[in-house]
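# A structural walkthrough
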Amino acid sequence: MTASLYERLGGSEGITRIASDVVDLHLDNPAVSPRYSASNIEKLKHGAATFFITATGGPAVYEGKDMLATHKGMNINATEYMAVLDDCLAGLERNNIGQREQEEVLFALYGLRKEILAV
Ligand code: HEM
């Protein structure tokens, strides 16, 4: 049987490291960094990690708002959405996650666009 995506991403420890790297990549990415200028970065990293652990079938319990409520009113455009997807893939690559897992994550992130893009 194939291991769960949670396990293949390195469990809670691995996903926490990936989420932290992705947030760092956002802060270094001029296409999206201004969006996070008022953010508490430790809190954002915690939210990103627990969201991902929960979404991939792991034990963490994400306590933030759902994706629509989180991003409503931000008027996020397609270029920004693409930049975030690019950073997520770069974060996976940085942590030596294989192509199959990258594809599964990308598919899941793309599927969230109706709750995040231009809402
Ligand atoms: C598939 C794509 C995305 C996912 C899965 C995602 C996920 C998240 C999560 C889990 C949080 C934290 C919520 C919390 O802890 O309460 C968050 C917050 C946020 N996201 Fe996204 N996001 C995505 C795309 C974007 C895009 C494209 C932008 C704009 C560039 C963006 C801007 C923000 C901002 C500004 C916050 C709030 C930060 C804060 O409260 O300090 N997100 N997002």
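Just so it is clear, the model here is predicted, and its values are computed rather than measured. (Residues numbered from 1 in each chain as written. Predicted model: local features only at pLDDT ≥ 70, side-chain atom pairs only at ≥ 80, totals over all residues. Heavy atoms only, no water.)

## As for the environment of Thr16
With respect to the element layout, Thr16 can be found in helix H2 (residues 11-27). Judged by relative accessible area, which is 39%, Thr16 ranks as partly exposed. The sequence separation of Thr16 and Phe52 amounts to 36 residues, and the corresponding C-alpha distance is 8.5 Å. In this structure, Thr16 is in contact with Ala49 and Ile53, ignoring residues within four places of it in sequence. (Helix = DSSP H or I, 4+ residues; strand = E, 2+ residues; numbered from the N terminus. Buried < 20%, exposed > 50% of the residue type's maximum accessible area, 1.4 Å probe, protein only. Contact = heavy atoms within 4.5 Å.)

## A word on unusual backbone geometry
Unlike most non-glycine residues, Asn75 shows phi in positive territory, near 50°. Mapping Asn75 onto the fold places it in the loop between helix H4 (67-71) and helix H5 (78-94). A relative accessible area of 56% means that Asn75 is categorised as exposed. Backbone geometry at Ala118 places phi at a positive 55°, although glycine is not the residue there. Among the secondary structure elements, Ala118 is positioned in the segment after helix H7 (113-116).

## Some thoughts on the coordination of the iron atom of the ligand
Exactly one donor from the protein chain reaches the iron atom of the ligand: His71 (NE2), at 2.1 Å. Note that His71 resides in helix H4. (Donors = N, O, S within 2.8 Å, 3.2 Å for Na, K, Ca; no water.)

## Some words on the packing of aromatic side chains
As enumerated under the stated definition, the model contains two aromatic pairs in all. Ring centres of Phe51 and Phe52 lie 6.4 Å apart, and the angle between their planes is 65°; on these two criteria the pair is classed as edge-to-face. Each member of the aromatic cluster is reached from another via a ring pair, and the members are Phe51, Phe52 and Tyr62. (Phe/Tyr/Trp six-rings, centres within 6.5 Å; stacked < 30°, edge-to-face > 60°.)

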